[in-house]
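Listed below, chain by chain, are the residues.
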Amino acid sequence: MTQPISIETHSEDETRHLGAEIGRVAQPGDILLLLGSYGAGKTTLVQGIAQGLGIEGPVTSPSFVLANEYCGRIPLYHIDLWRVSEMDGVTFGALAEYFGGDGICAVEWPASLPASLVDGAMVIKLAVVEDQIRRFTTSGLEPRVAQVFERCAPHLVSAPQRHK
Ligand SMILES: Nc1ncnc2c1ncn2[C@@H]1O[C@H](COP(=O)(O)OP(=O)(O)OP(=O)(O)O)[C@@H](O)[C@H]1O
Ligand SMILES: [Mg+2]
């Protein structure tokens with residue numbers, strides 16, 4: 001696990017590019033919890049992840065079905081729990097198979113997920129700074145994902161101090 005990193009993107013394309021780089025280093029069992037308000041850019045980031053995994057075709061918000069599965073280098077499970085205020089047993093059972101499995105889980109509005117499903121998850125918090133500017137603040141990233149943020153961050157806000 002790595003220290004928090006904070007970066008900004010200054011366009012939708014920069015967010016897609018960041019997502020694509022995450023998709024390139026994604027490994028089976030990765031869980032990304034995407035926090036942030038409406039229009040913060042969570043789905044846009046997932047669209048980039050899909051691109052980085054080699055997934056062709058549109059990635060749209062799964063708001064009406066809870067989860068969409070895409071087949072890329074590894075599977076992408078795009079989950080949106082905006083409508084789920086409390087997790088019931090049926091929903092839990094349906095979602096559990098995605099977690100810690102063969103692919104990467106990217107979850108929008110993850111508040112209702114039980115702790116047992118999000119153990120070891122990487123957290124990316126998105127905030128709207130200005131019309132085109134979004135701030136990403138991370139916690140618990142795997143080093144390979146943290147490197148993506150440090151390497152391709154177009155606008156670094158803060159990163160952990162490195163000791164030489
Ligand atoms: N730097 C940026 N990164 C991402 N999106 C941006 C950026 N600047 C502007 N935008 C715009 O913000 C919107 C982000 O929408 P998106 O659907 O990705 O948000 P979301 O966080 O998934 O929202 P919701 O919670 O409603 O699902 C898009 O209209 C996009 O064009
Ligand atoms: Mg969305």
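Calculation criteria
- Residues numbered from 1 in each chain as written.
- Chains lettered and ligands numbered in written order.
- Predicted model: local features only at pLDDT ≥ 70, side-chain atom pairs only at ≥ 80, totals over all residues.
- Heavy atoms only, no water.
- Pairing = 2+ DSSP bridges.
- Helix = DSSP H or I, 4+ residues; strand = E, 2+ residues; numbered from the N terminus.
- Near = heavy atom within 4 Å.
- Polar contact = N/O pair within 3.5 Å; in protein donor to acceptor, adjacent residues only side chain to side chain.
- Phe/Tyr/Trp six-rings, centres within 6.5 Å; stacked < 30°, edge-to-face > 60°.
- Buried < 20%, exposed > 50% of the residue type's maximum accessible area, 1.4 Å probe, protein only.

A. Representation of the pairing of strand β3 (residues 67–70). Across four bridges, β3 lies against strand β4 (residues 76–80) in antiparallel orientation. By the bridge assignment for β4, Asn68 is matched with His78.

B. How the structure looks around the site of ligand 1. Glu12, Thr15, Lys42, Thr43 and Thr44 are the nearest of the 17 residues found near ligand 1. Separating an oxygen atom of ligand 1 from a backbone N or O atom of Ala40 is a distance of 3.2 Å. A distance of 2.6 Å separates an oxygen atom of ligand 1 from a polar atom in the side chain of Thr44. Of all elements in the fold, only α1 (12–25) and α2 (42–52) reach the threshold of two or more residues within the shell around ligand 1. Counting residues per element, the shell around ligand 1 draws most heavily on α2, at three residues.

C. Here's a closer look at the packing of aromatic side chains. Tallying each qualifying case throughout the model produces three aromatic pairs. Ring geometry for Tyr38 and Trp109: centres 5.2 Å apart, planes at 45 degrees, overall tilted. One end of the pair, Tyr38, is in the loop between β2 (31–35) and α2; the other, Trp109, is in the loop between β5 (104–108) and α4 (115–118), and 71 residues separate them in sequence. Taking 4.6 Å as the distance between ring centres and 35 degrees as the angle between the ring planes, the aromatic pair formed by Tyr77 and Tyr98 counts as tilted. Separated by 21 residues along the polypeptide, Tyr77 in strand β4 and Tyr98 in the loop between α3 (89–96) and β5 bring together distant segments of the chain. Classification of Tyr77 by relative accessible area gives buried; the value is 7%. Residue classification places Tyr98 among the buried residues on the basis of a relative accessible area of 11%. Feature note: the residues Tyr38, Trp82 and Trp109 constitute an aromatic cluster, connected by ring pairs.

The values reported here are purely geometric and, on their own, carry no functional implication.
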